[in-house]
Amino acid sequence: MAYSHLLPDVIDIARASGQIILDIYQRGQFEKQIKDDNTPVTSADIAAHKLVMKRLTELTPEIPVLSEEDAEVPLAERSQWKRYWLVDPLDGTQEFIAGSGDFATIIALVEDNRPVMGVVYAPVSGVSYYAYADKGAYKITAEGETVKLATHHHEENTKSIVVAISRRQDISSITSRLDPSYNYELVPLGSAALKSCLVAEGAVDCYLRLGPTGEWDTAATQCIVEEAGGRILNTHLTPLSYNERNTLENPNFITLGDEGLPWAEILEPDDRMMNAD
């Protein structure tokens, strides 16, 4: 059964979540705690989580919802799910706390361990990104214009690559893992989802992420990026997997736009990437 007809509803849910986050952000009054994994969570995360869980359950009561803020579901149970919603109510919590504005609500529909729908909403800019498998990827601007997304493709033998990076990560940890024979323009941004969306719309060539992320950080954008002509792969250049491991943590990964570039050389060599932190 195809669920593409639910896209308008899911976009509305993401926007409603984003509005709650934005209201709290603009007031500047929120509570902050540190979770067991040493990452922050705020009252905005929790408020958005509650709204998304409620709205998705009302929309599709037959489909389970797995949220970053309620992810303690054992694999024995999750493995029985043919499809499920995978949600990060507030991607970029550190950016929310820091006041940069680089955060988003992310909602994905995963079916048979593959993301088939992705929605990302950035409340500060008012921009939405969405895709459904085999139906293309799109951006809705703050003015309401819908634009079809396509990744950037290079001319042969290019030596210049634009790389999105985390604003909070040591730049040398990224550049030391890239072939120095290329020229790199580095574009810092907060939310992992928004950096992958930059790849999908052709604004940057790739986003290299070294360090812990959850499957909820990449599922929606994997659908969006793939429908725009790109890929999200681990640093051995094989696809990410979903709902197949006890842990929901991703390996290091790269979101890339032009598969024609020699990424195996650019990420030289793979064995140096295996234990990246």
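Cut-offs used in this document
Along each chain, the written sequence defines residue order, and numbers are assigned to residues from 1. Per-residue local features are limited, in this predicted model, to residues with pLDDT of at least 70; the limit for side-chain atom pairs, both in listing and counting, is 80 or more; totals at the level of whole chains, interfaces and linings are taken over all residues. Each side-chain value is worked out from all heavy atoms of the structure, with water and hydrogens disregarded. UniProt positions are given in the numbering used here, feature names are shortened, and annotations may be inferred rather than shown by experiment. What makes two strands pair is DSSP finding at least two bridges between them. We count a stretch as a helix when DSSP gives it H or I for four or more residues in a row; a strand needs E for two or more, and each element gets its number in order from the N terminus. As a rule, the C-alpha atoms of each element are fitted with a line to give its axis, helices using only the stretch in contact, and angles between N-to-C directions run from 0 to 180 degrees. Should any heavy atoms of two residues lie within 4.5 Å, those residues are considered in contact.

- Per an unreviewed UniProt entry, the protein is named 3'(2'),5'-bisphosphate nucleotidase CysQ, and its organism is Photobacterium leiognathi subsp. mandapamensis.
- Regarding the protein, the UniProt comment filed under Sequence similarities (unreviewed entry) reads as follows: "Belongs to the inositol monophosphatase superfamily. CysQ family."
- UniProt, in its Catalytic activity (unreviewed entry) section for the protein, records the words "adenosine 3',5'-bisphosphate + H2O = AMP + phosphate".

**With respect to the sheet that holds strand E13 (residues 231-234)**
At step 1: Sheet architecture is open: five strands sit in the order E11-E10-E12-E14-E13, paired in mixed fashion. The open sheet has two edge strands, strand E11 (183-189) and E13, and neither has a second partner. Within this sheet the neighbouring strands show an average axis-to-axis angle of 25°, counted without direction.
At step 2: As paired strands, strand E12 (residues 206-209) and strand E14 (residues 253-256) are joined by four bridges and run antiparallel to one another. Bridge pairing links Arg-209 to Phe-253 in E14.
At step 3: Strands in contact with helix H6 (residues 192-200) are strand E10 (160-166), E11, E12, E13 and E14; relative to E12, the strand with the most contacts, it is inclined by about 150°.

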